[in-house]
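A closer look at the structure
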Amino acid sequence: MPELPEVEREVRQLRPAMEGARFERVVIRRRRLRTLLPLRFASRLEGTTVRALRRRGKYLVADLSSEATLVMHLGMSGSFDIRSTAPASFAKHDHVIFHMSSGTTVVFNDPRRFGSMWLHDDHSRTPILGLGPEPLDEAFTAEALATAFRRKRAPLKSALLDQRVVAGLGNIYVSEALHRARLSPARAAETLVSPSGAPRSGLRTLVRAIRETLNDALADRPRGGDDFRVYDREGRRCPRRGCRGTIKRIVQSGRSTFFCPVCQR
DNA sequence: GTAAACCTGGCA
DNA sequence: TGCCAGGTTTAC
């Protein structure tokens, strides 16, 4: 469940267990995640304290007392379990276990193993380095997006999935935000930028729509099913007031996109 | 640019 | 059995 709102929720839940706490024992049950955890991963972590736990895009970032940084990504199916007592046994896909000095045990579970972790001494070559702006930060403006979209022929859908353009959007919230902005996912990104490089009005609408979509998702309780306007709603009525359209599913660069062909242009 | 690859599990 | 899944990277 991992786009920006879900990762943010994960970070907020982990904070009480991890911030200010020390890694007492780290157990790696499977080293081969999306990347291979280095041999000394556990020993380098043990004894260090988490100064702060934060989110950057879809990454969780722990700043450590050792000056190193622990970066974590949930992939498609990763999640953290917080247990107040050390579990007697582990589930099939429990890959990494943090025994914290706070007394809680944090278990990283990931059936598909698309998630991973990195431990960096220096701040170079971190996966978070190339990320675009945080969509909920002030730096995420129509002007900033216009720079990224200028002469970009890619459809809006794939342009917004590009984490270098904006960090944290995924397949669900791109569909949701584009519907809210009444923009077609197939439209070329560059059509929202004027020849001078200035943002067109649709781009301002899009920036607002992205913010609202993410803020709504953050305010809600965890996803429960019928929470989306268009995502996974092929064949259903468009939820926009007065629109008689039907939600369509198309495939763009190998991934499902849901939209209303009537009100999204 | 898009397709395939990395994995497992759930569902028609 | 085959297809689909909220991600990212690598390879045509």
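What you see is a predicted model, and the numbers here were worked out from it, not measured in a lab.

1. Comments concerning the pattern of salt bridges
On inspection of all chains with the given rule, the structure shows 17 salt bridges. Across the salt bridge formed by aspartate 63 and arginine 54, the nearest N and O atoms sit 2.8 Å from each other. Measuring nitrogen to oxygen at the nearest pair gives 3.2 Å for the salt bridge that ties aspartate 81 to arginine 83.

2. Regarding the protein's contact with DNA strand C
Taken together, 20 residues are adjacent to DNA strand C, and Lys58, His73, Tyr231, Arg255 and Ser256 come closest. At 3.2 Å from a phosphate oxygen of DNA strand C is found a main-chain nitrogen or oxygen belonging to asparagine 171. Here tyrosine 231 contributes a side-chain N or O atom positioned 2.3 Å from a phosphate oxygen of DNA strand C. For the surface near DNA strand C, the secondary-structure elements that each account for two or more residues are α5 (171-180) and β10 (255-259). When its residues are assigned to classes, the surface near DNA strand C shows six nonpolar, six polar and eight charged.

3. Things to note about the domain arrangement of chain A
Domain boundaries assigned for chain A yield domain 1 (4-125) and domain 2 (142-259). Each of domain 1 and domain 2 has a C-alpha centre, and these two points are 31 Å apart. If you look at the interface, domain 1 gives 10 residues, while domain 2 gives 14 residues. Run the count over domain 1 and domain 2 and you get zero salt bridges. If you look at where domain 1 meets domain 2, you find four residue pairs in polar contact (both at pLDDT 80 or more). Ranked by residues supplied to the side of domain 1 that touches domain 2, first place goes to helix α1 (residues 4-18) with six residues. Here the residues of the side of domain 1 that touches domain 2 are counted per class, giving three nonpolar, one polar and six charged.

4. Points about unusual backbone geometry
Of note, arginine 113 is a non-glycine position whose phi angle comes to about 60°, a positive value. Topologically, arginine 113 is positioned in the loop between β7 (105-109) and β8 (116-120). Positive phi, normally seen in glycine, also occurs at serine 253, with a value near 40°. Turning to its location among the elements, serine 253 is positioned in the loop between β9 (248-252) and β10. We classify serine 253 as exposed; its relative accessible area is 64%.

The rules we used
Residues numbered from 1 in each chain as written. Chains lettered and ligands numbered in written order. Predicted model: local features only at pLDDT ≥ 70, side-chain atom pairs only at ≥ 80, totals over all residues. Heavy atoms only, no water. Salt bridge = Lys/Arg side-chain N within 4 Å of Asp/Glu carboxyl O. Near = heavy atom within 4 Å. Polar contact = N/O pair within 3.5 Å; in protein donor to acceptor, adjacent residues only side chain to side chain. Helix = DSSP H or I, 4+ residues; strand = E, 2+ residues; numbered from the N terminus. Nonpolar A, V, L, I, M, F, W, Y, C, P; charged D, E, K, R; others polar. Domains from an automatic or database assignment. Contact = heavy atoms within 4.5 Å. Buried < 20%, exposed > 50% of the residue type's maximum accessible area, 1.4 Å probe, protein only.

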